[in-house]
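Structural overview for review
Residues per chain are reported as follows:
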Amino acid sequence: MSDYDDNKRIDQLSDVSGAMTSASKILCQDMDDTDRIGVVTPPDILSAGMSNSVFRIPMYLDFGYLAKQSKPTVDVLGVVHGYSFPIFNDDQEELYMSRFVPLYWNGTSDLLVKMRCHLSDANLNKKFKFELCWQHLLIGEVVPLACHTVQVEVDTGDALQYQAFELDFTIDYDADGVGNEIKTSERISARLRRIAASSDEITGEVVVAPPELIGYRSAV
């Protein structure tokens, strides 16, 4: 092999090494902005230096509970999957979820649990309703038995079969009063149930996609 080929290979290896070092630096930098789980937040969320920019991160579903109960039923429509909810009737038709509050949350604004959903059937001017019960917990605290309840009712209008909607549940960061606000690194745990609508209940079930936690990040 000629000296030219050797030098070319060295240059190529150097380029690869440099690229890997850069990637490593980016990964380590991003992991500083995680929720201490080690899951790197997507770069488009990490708008460093911008005050009040929005982050969106997935809530973690309790798949152990889902596997044990085999409820709610997993529903797949095309490439869209979710969990099909009848009205809760003491029958484990519920989702449990949790997430550590990320270090880059601004600490002074409400959070939002958002999820997409769609109807299993067409409905005309009907309603469906969901309830999210949530609580926050820091290491060293006693696990509370009570939870904060947020209910969202949706009017379908003239809805086609499989029509999509959104469910937005506001997490009041200071619901427990001064000194007991939600803090970064606390774990937010929640339970989702479909409950009876105030009137004009829909026909069929509501299929809910995996939820997200949304909030404002602090200025860096």
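Residues numbered from 1 in each chain as written. Predicted model: local features only at pLDDT ≥ 70, side-chain atom pairs only at ≥ 80, totals over all residues. Heavy atoms only, no water.

Another aspect to go through is the layout of surface pockets. Regions of empty space are outlined by a rolling probe, equal in size to a water molecule, passed over the atoms. Here the largest pocket is characterised by a volume of approximately 290 Å³. Along its surface, the largest pocket is lined by 19 residues, and Tyr 96, Cys 133, Gln 135, Ser 189 and Ala 190 are the ones closest to its centre. Those elements that place two or more of their residues in the lining of the largest pocket are strand S5 (95-100), strand S8 (127-137) and strand S12 (187-195). (1 Å grid on protein atoms, 1.4 Å probe; cavity = no way out; pocket = protein on both sides within 12 Å on 5 of 7 lines; lining within 4 Å. Points joined across faces, edges and corners; volume = space filled by probe spheres on them. Helix = DSSP H or I, 4+ residues; strand = E, 2+ residues; numbered from the N terminus.)

Turning next to the pattern of salt bridges. Enumeration according to the criterion identifies six salt bridges in this entry. The shortest N-O distance in the salt bridge between Glu 94 and Arg 193 comes to 2.7 Å. With Glu 94 in the loop between strand S4 (80-85) and S5 and Arg 193 in strand S12, this pair connects stretches of sequence that are 99 residues apart. In this structure, Glu 94 and Arg 193 share a single accessibility class: buried. Notably, a salt bridge pairs Asp 168 with Lys 114, separated by 2.7 Å at the nearest N-O pair. Separated by 54 residues along the polypeptide, Asp 168 in strand S11 (residues 164-171) and Lys 114 in strand S6 (residues 111-119) bring together distant segments of the chain. Among the charged side chains, a network of salt bridges with common partners joins Lys 114, Arg 116, Glu 166 and Asp 168. (Salt bridge = Lys/Arg side-chain N within 4 Å of Asp/Glu carboxyl O. Buried < 20%, exposed > 50% of the residue type's maximum accessible area, 1.4 Å probe, protein only.)

Within the secondary structure layout, Ala 209 lies in the loop between strand S13 (206-208) and strand S14 (212-216). Judged by relative accessible area, which is 19%, Ala 209 ranks as buried. Through-space distance from the C-alpha of Ala 209 to that of Asp 75 is 9.5 Å; in sequence the pair is 134 residues apart. If we ignore the near neighbours within four places in the chain, the residues touching Ala 209 are His 81, Gly 82, Met 115 and Arg 116. (Contact = heavy atoms within 4.5 Å.)

Fine structural detail should not be taken from predicted coordinates in areas where pLDDT scores are low. For the chain, mean pLDDT is 81; residues scoring 70 or higher make up 76% of the total. Confidence drops under pLDDT 50 across residues 7-51; counting only partners more than four residues distant or on other chains, this segment forms 44 contacts. (pLDDT = per-residue confidence, 0-100.)

With that settled, the discussion passes to the pairing of S6. With seven of nine residues buried, S6 is to be regarded as a mostly interior element. The sheet contact formed by S6 and S11 spans eight bridges and is antiparallel. By the bridge assignment, Met 115 is partnered in S11 with Leu 167. Alignment of S6 against S14, held across three bridges, turns out to be antiparallel. Bridge assignment links Leu 112 to a residue of S14, and that residue is Ile 214. The pairing of S6 with S13 spans three bridges and is classified as antiparallel. Each residue of the ladder has a partner; that of His 118, found in S13, is Val 207. (Pairing = 2+ DSSP bridges.)

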